[in-house]
Amino acid sequence: MAKVNQFDGKRFSYTRKKTEREDNFSIKQSPENLKIIEYYAQDKKPDNYIFPIISEDRVGEAIFKTKKGKLSWFNDNIKRIAVDLGIEKNLSTYTPRDTWTNLGLKMGIDIRKISSGLGHSSVEITEKHYSQMIQEKILDEINAQITKAPSLS
(Lines give C-alpha, C1' and ligand atoms only; values in the text may rest on other atoms or scores of the structure.)
Protein backbone atom coordinates (compact mmCIF):
# COMPACT_ATOMS: atom_id res chain seq x y z
CA MET A 1 0.00 0.00 0.00
CA ALA A 2 1.28 3.44 -0.92
CA LYS A 3 2.80 5.61 1.79
CA VAL A 4 3.43 9.34 1.67
CA ASN A 5 7.22 8.86 1.82
CA GLN A 6 7.08 6.86 -1.45
CA PHE A 7 5.87 9.93 -3.33
CA ASP A 8 8.24 12.81 -4.12
CA GLY A 9 5.73 15.18 -5.68
CA LYS A 10 6.15 13.82 -9.21
CA ARG A 11 7.10 10.16 -8.95
CA PHE A 12 5.85 7.22 -6.95
CA SER A 13 8.63 4.82 -5.90
CA TYR A 14 8.14 1.35 -4.49
CA THR A 15 9.76 -2.05 -4.12
CA ARG A 16 7.97 -5.15 -5.34
CA LYS A 17 9.02 -8.52 -4.05
CA LYS A 18 8.24 -11.47 -6.31
CA THR A 19 9.51 -14.88 -5.30
CA GLU A 20 13.17 -14.36 -4.33
CA ARG A 21 13.68 -11.05 -6.15
CA GLU A 22 13.06 -7.48 -5.15
CA ASP A 23 12.59 -4.90 -7.88
CA ASN A 24 12.61 -1.14 -7.39
CA PHE A 25 10.32 1.02 -9.47
CA SER A 26 9.86 4.75 -9.83
CA ILE A 27 6.88 5.79 -11.90
CA LYS A 28 6.19 9.33 -13.10
CA GLN A 29 2.59 10.26 -12.35
CA SER A 30 0.17 11.82 -14.80
CA PRO A 31 -1.41 15.20 -13.95
CA GLU A 32 -4.66 13.38 -13.10
CA ASN A 33 -2.88 11.01 -10.71
CA LEU A 34 -1.01 13.90 -9.11
CA LYS A 35 -4.28 15.62 -8.19
CA ILE A 36 -5.61 12.45 -6.56
CA ILE A 37 -2.38 11.69 -4.69
CA GLU A 38 -1.96 15.28 -3.49
CA TYR A 39 -5.56 15.36 -2.26
CA TYR A 40 -5.19 12.20 -0.16
CA ALA A 41 -1.60 12.85 0.98
CA GLN A 42 -2.18 16.35 2.35
CA ASP A 43 -1.61 16.76 6.10
CA LYS A 44 -0.31 13.20 6.48
CA LYS A 45 2.98 12.09 8.02
CA PRO A 46 5.66 10.46 5.80
CA ASP A 47 4.92 6.97 7.13
CA ASN A 48 1.12 7.26 6.71
CA TYR A 49 -0.75 5.47 3.94
CA ILE A 50 -1.82 7.84 1.17
CA PHE A 51 -5.21 6.28 0.52
CA PRO A 52 -7.74 5.53 3.28
CA ILE A 53 -7.85 1.80 2.57
CA ILE A 54 -5.89 0.48 5.54
CA SER A 55 -6.17 2.24 8.89
CA GLU A 56 -2.92 3.34 10.49
CA ASP A 57 -3.46 1.12 13.55
CA ARG A 58 -3.22 -2.09 11.46
CA VAL A 59 0.04 -4.03 11.77
CA GLY A 60 1.48 -7.35 10.62
CA GLU A 61 -1.08 -10.02 9.77
CA ALA A 62 -3.94 -7.51 10.08
CA ILE A 63 -2.51 -5.55 7.12
CA PHE A 64 -2.37 -8.73 5.01
CA LYS A 65 -5.95 -9.69 5.93
CA THR A 66 -7.22 -6.17 5.23
CA LYS A 67 -5.49 -6.08 1.82
CA LYS A 68 -6.90 -9.50 0.94
CA GLY A 69 -10.40 -8.43 1.99
CA LYS A 70 -10.23 -5.15 0.04
CA LEU A 71 -8.90 -6.97 -3.03
CA SER A 72 -11.76 -9.45 -2.86
CA TRP A 73 -14.26 -6.60 -2.39
CA PHE A 74 -12.85 -4.75 -5.41
CA ASN A 75 -12.87 -7.83 -7.66
CA ASP A 76 -16.44 -8.72 -6.66
CA ASN A 77 -17.64 -5.19 -7.38
CA ILE A 78 -15.79 -4.76 -10.68
CA LYS A 79 -17.39 -8.02 -11.86
CA ARG A 80 -20.84 -6.70 -10.85
CA ILE A 81 -20.21 -3.43 -12.69
CA ALA A 82 -19.16 -5.36 -15.82
CA VAL A 83 -22.39 -7.38 -15.70
CA ASP A 84 -24.48 -4.21 -15.21
CA LEU A 85 -22.76 -2.62 -18.22
CA GLY A 86 -23.12 -5.71 -20.38
CA ILE A 87 -19.36 -6.27 -20.55
CA GLU A 88 -18.74 -9.94 -21.21
CA LYS A 89 -15.19 -10.07 -19.89
CA ASN A 90 -13.86 -11.36 -16.59
CA LEU A 91 -12.58 -8.13 -15.03
CA SER A 92 -10.29 -8.04 -12.00
CA THR A 93 -7.37 -6.13 -10.56
CA TYR A 94 -5.26 -7.80 -13.27
CA THR A 95 -7.26 -6.15 -16.07
CA PRO A 96 -5.23 -2.88 -16.07
CA ARG A 97 -1.98 -4.90 -16.04
CA ASP A 98 -3.12 -7.00 -18.99
CA THR A 99 -4.40 -3.93 -20.83
CA TRP A 100 -1.06 -2.15 -20.30
CA THR A 101 0.80 -5.18 -21.63
CA ASN A 102 -1.46 -5.70 -24.63
CA LEU A 103 -1.36 -2.02 -25.59
CA GLY A 104 2.44 -2.03 -25.32
CA LEU A 105 2.72 -5.12 -27.51
CA LYS A 106 0.32 -3.66 -30.09
CA MET A 107 2.35 -0.44 -30.15
CA GLY A 108 5.48 -2.44 -30.92
CA ILE A 109 7.25 -1.81 -27.62
CA ASP A 110 10.09 -4.27 -27.15
CA ILE A 111 8.89 -7.28 -25.17
CA ARG A 112 12.02 -7.09 -22.97
CA LYS A 113 10.91 -3.66 -21.75
CA ILE A 114 7.37 -4.88 -21.16
CA SER A 115 8.67 -7.95 -19.33
CA SER A 116 10.82 -5.76 -17.09
CA GLY A 117 7.89 -3.46 -16.35
CA LEU A 118 5.78 -6.45 -15.35
CA GLY A 119 8.50 -7.66 -12.99
CA HIS A 120 8.92 -10.96 -14.79
CA SER A 121 12.23 -12.73 -14.20
CA SER A 122 12.57 -13.50 -17.91
CA VAL A 123 11.06 -12.66 -21.29
CA GLU A 124 10.01 -16.30 -21.56
CA ILE A 125 7.52 -15.79 -18.69
CA THR A 126 5.99 -12.80 -20.49
CA GLU A 127 5.82 -14.78 -23.72
CA LYS A 128 4.13 -17.66 -21.89
CA HIS A 129 1.43 -15.43 -20.37
CA TYR A 130 0.85 -13.33 -23.49
CA SER A 131 1.65 -15.88 -26.20
CA GLN A 132 -1.67 -15.47 -28.03
CA MET A 133 -1.22 -11.69 -28.33
CA ILE A 134 2.42 -12.08 -29.38
CA GLN A 135 1.56 -14.74 -31.97
CA GLU A 136 -1.20 -12.55 -33.46
CA LYS A 137 1.17 -9.56 -33.63
CA ILE A 138 3.84 -11.61 -35.41
CA LEU A 139 1.34 -13.03 -37.91
CA ASP A 140 -0.16 -9.57 -38.54
CA GLU A 141 3.31 -8.10 -39.20
CA ILE A 142 4.24 -10.93 -41.57
CA ASN A 143 0.91 -10.70 -43.38
CA ALA A 144 1.26 -6.92 -43.78
CA GLN A 145 4.73 -7.33 -45.31
CA ILE A 146 3.68 -10.13 -47.63
CA THR A 147 0.55 -8.37 -48.89
CA LYS A 148 2.56 -5.22 -49.65
CA ALA A 149 5.28 -7.17 -51.50
CA PRO A 150 5.37 -6.87 -55.28
CA SER A 151 3.96 -9.82 -57.16
CA LEU A 152 6.49 -12.61 -57.71
CA SER A 153 4.81 -14.04 -60.83
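For every chain, the first residue of the written sequence is number 1, and numbering continues from 1 onward in sequence order. Totals for whole chains, interfaces and linings use all residues, but because this is a predicted model, local features are given only for residues with pLDDT of at least 70 and pairs of side-chain atoms are given and counted only at 80 or more. Calculation of side-chain values draws on the structure's entire complement of heavy atoms; hydrogens and water are dropped beforehand.

**Details of the packing of helix 3 (residues 95-106) against helix 6 (residues 131-148)**
The line we're drawing: Each axis is a line fitted through C-alpha atoms, taken for helices only over the stretch in contact, and angles between the N-to-C directions span 0 to 180 degrees. Strands here mean DSSP runs of E at least two residues long; helices mean DSSP runs of H or I at least four residues long; both are numbered from the N terminus. Each angle is binned into one of four classes, with values under 35 degrees roughly parallel, values over 145 roughly antiparallel, values of 65 to 115 roughly perpendicular, and all other values oblique. In this scheme the crossing of two helices becomes right-handed for a clockwise turn of the near helix relative to the far one and left-handed for an anticlockwise turn of less than a right angle. Here a residue-residue contact requires only that any non-hydrogen atoms of the pair lie within 4.5 Å. Residues are grouped as follows: nonpolar covers Ala, Val, Leu, Ile, Met, Phe, Trp, Tyr, Cys and Pro; charged covers Asp, Glu, Lys and Arg; every other residue, Gly included, is treated as polar.
Look at helix 3 against helix 6: their axes get within 10 Å of each other, and the N-to-C directions meet at 15°. In terms of orientation, helix 3 and helix 6 fall into the roughly parallel class. Where helix 3 crosses over helix 6, the two elements pack in a sense that is right-handed. Facing Asn102, Leu105 and Lys106 of helix 3, the residues of helix 6 in contact are Met133, Ile134 and Lys137. Residue classes in the contact of helix 3 with helix 6 are distributed as 3 nonpolar, 1 polar and 2 charged.

**Structural notes on unusual backbone geometry**
Quick reminder of the rule: Exposure categories follow from relative accessible area, calculated using a 1.4 Å probe and restricted to protein chains: below 20% of the type maximum is buried, above 50% is exposed, and the middle band is partly exposed.
One non-glycine residue with positive phi stands out, namely Asp43, at about 65°. Residue position: Asp43 is located in the loop between helix 1 (31-41) and helix 2 (61-84). Take Asp43: its relative accessible area is 81%, and that puts it in the exposed class.

**Observations concerning the pattern of salt bridges**
This is how the line gets drawn: Any Lys or Arg side-chain nitrogen located within 4 Å of an Asp or Glu carboxyl oxygen qualifies as a salt bridge.
As enumerated under the stated definition, the model contains 2 salt bridges in all. Here Asp47 makes a salt bridge to Lys3, at a shortest N to O gap of 3.4 Å. Placement of the pair is Asp47 in the loop between helix 1 and helix 2 and Lys3 in the segment before strand 1 (11-18), with a sequence separation of 44 residues. The closest approach of N and O atoms between Asp110 and Arg112, which form a salt bridge, is 2.5 Å.

**Looking at the nonpolar core**
Selection rule: Only buried residues count toward a nonpolar core. Its members are Ala, Val, Leu, Ile, Met, Phe, Trp, Tyr and Cys residues joined through side-chain atoms within 4.5 Å.
Counting residues in hydrophobic clusters, the biggest one holds 8 residues: Ala2, Val4, Phe7, Phe12, Leu34, Ile37, Ala41 and Ile50. It is helix 1 that contributes the most residues to this core, 3 residues altogether. Excluding its chain neighbours within four sequence positions, the residues that come into contact with Leu34 are Phe7, Gly9, Lys10 and Gln29.

**Concerning the packing of aromatic side chains**
The line we're drawing: The pairing test for Phe, Tyr and Trp rings, Trp by its six-membered ring, is centres within 6.5 Å, and the orientation test on the planes gives stacked under 30 degrees, edge-to-face over 60, and tilted for anything in between. When the NZ atom of lysine or the CZ atom of arginine is within 6 Å of a ring's centre and also within 35 degrees of its normal, the charge is said to sit over that ring.
Tallying each qualifying case throughout the model produces 4 aromatic pairs. Pairing Tyr39 with Tyr40 gives two aromatic rings, centres 5.0 Å apart and planes at 90°, and the pair type is edge-to-face. Counting every residue linked through ring pairs, the aromatic cluster contains Phe12, Tyr14 and Phe25. The residue whose ring lies beneath Lys3 is Tyr49, and the NZ or CZ to ring-centre distance is 5.0 Å.

**Looking at the side chain of Thr66**
Mapped onto the elements, Thr66 comes out in helix 2. With residues up to four places along the chain from it excluded, the contact list for Thr66 reads Ile53, Ile54 and Arg58.

**Quick word on the confidence of the model for the protein chain**
Convention followed: As a per-residue quantity, pLDDT reports the predictor's confidence and falls between 0 and 100.
Looking at the protein chain as a whole, its pLDDT mean stands at 86, while 95% of the residues score no less than 70. Considering each helix and strand of the protein chain separately, the mean pLDDT is smallest for helix 6, with a value of 81, and largest for helix 1, with 93.

**Let's talk about helix 2**
To keep things clear, this is the line we draw: Expected span of a helix, by definition, is 1.5 Å for each gap between consecutive residues, and there is one gap fewer than residues.
Taking 1.5 Å of rise per residue, the 24 residues of helix 2 would be expected to cover 34 Å, and the 35 Å separating its terminal C-alpha atoms lies within 8% of that figure. Positive backbone phi, at 75°, marks Gly86, one or two positions downstream of helix 2.

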